[in-house]
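Structure assessment
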Amino acid sequence: MGTVQKAHEECGLSYNRCRWCGTASFRRLLCPVCASSELEPERTTGHGVVVRTAVVHRYTEAARNESLVRFPEGFVFRCQVVGAAPQMVTVGARVKPLAGDEPESGAVVLELCEPPVQRDW
């Protein structure tokens with residue numbers, strides 16, 4: 001296996017797929033559809049699309065972005081999006097996993113695939 005491919009796989013996210021109904025879920029102990037506990041771990045590239053976004057000021061002095069991101073495997077998860085000012089993250093923006101270590105808080109941190117468009121007023 002090439003080092004580029006290995007690094008790409010390590011950058012993805014682990015999720016579970018139900019053995020009974022095939023539903024994908026992220027960080028759950030039971031299938032959200034059929035409540036089965038027979039979940040098989042799988043790996044995604046982690047690329048997704050922002051479906052809802054908000055700027056929050058909770059628990060920190062600086063504002064940050066929290067977005068709901070839909071992944072191609074079929075699950076939606078709340079993530080923090082970095083790589084732009086919190087208010088510049090828009091619905092429909094494509095995101096990818098942040099290269100490097102996961103934060104100690106256990107939060108899922110993604111970055112924008114393309115920088116936001118700056119509009120001059």
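Note that this is a predicted model, so its numbers are computed, not measured.

Definitions and limits used
Residues numbered from 1 in each chain as written. Predicted model: local features only at pLDDT ≥ 70, side-chain atom pairs only at ≥ 80, totals over all residues. Heavy atoms only, no water. Pairing = 2+ DSSP bridges. Helix = DSSP H or I, 4+ residues; strand = E, 2+ residues; numbered from the N terminus. pLDDT = per-residue confidence, 0-100. Contact = heavy atoms within 4.5 Å. Buried < 20%, exposed > 50% of the residue type's maximum accessible area, 1.4 Å probe, protein only. Salt bridge = Lys/Arg side-chain N within 4 Å of Asp/Glu carboxyl O.

This paragraph deals with the pairing of strand 8 (residues 109-112). Bridge count for strand 6 (residues 76-82) against strand 8 is 3 bridges, and the pairing is parallel. Opposite Gln-80, over in strand 8, you have Val-109 as the bridge partner. Across 3 bridges, strand 7 (residues 94-97) lies against strand 8 in antiparallel orientation. Residue pairing in the sheet places Lys-96 in a bridge with Glu-111 of strand 8.

Our next topic: the confidence of the model for the protein. For the protein, per-residue confidence averages 81 on the pLDDT scale, and 81% of positions sit at 70 or higher. Taking the mean pLDDT of every element in the protein, the minimum, 41, falls on helix 1 (residues 3-10) and the maximum, 93, on strand 4 (residues 48-56). Every residue in residues 1-9 is under pLDDT 50, and counting partners more than four places away or in other chains gives 5 contacts.

So, about unusual backbone geometry. Even without glycine at this site, Arg-27 takes up a positive phi of about 55°. The topology assignment puts Arg-27 in the loop between strand 2 (24-25) and strand 3 (39-44). Arg-27 gets classed as partly exposed once you look at its relative accessible area, which sits at 48%. Positive phi outside glycine occurs at Ala-35, with the angle close to 65°. Among the secondary structure elements, Ala-35 is positioned in the loop between strand 2 and strand 3.

This brings us to the pattern of salt bridges. Close approach of charged atoms allows side chains of opposite charge to pair. In this structure the tally under the stated criterion is 6 salt bridges. With a shortest N-O distance of 3.1 Å, Glu-66 and Arg-58 are connected by a salt bridge. What makes Glu-66 buried here is its relative accessible area of 15%. Of the charged contacts in the structure, one is a salt bridge between Arg-64 and Glu-66, with a shortest N-O distance of 3.2 Å. Judged by relative accessible area, Arg-64 falls into the buried class, the value being 18%. Salt bridges sharing partners connect three or more residues here, namely Arg-58, Arg-64, Glu-66 and Arg-78.

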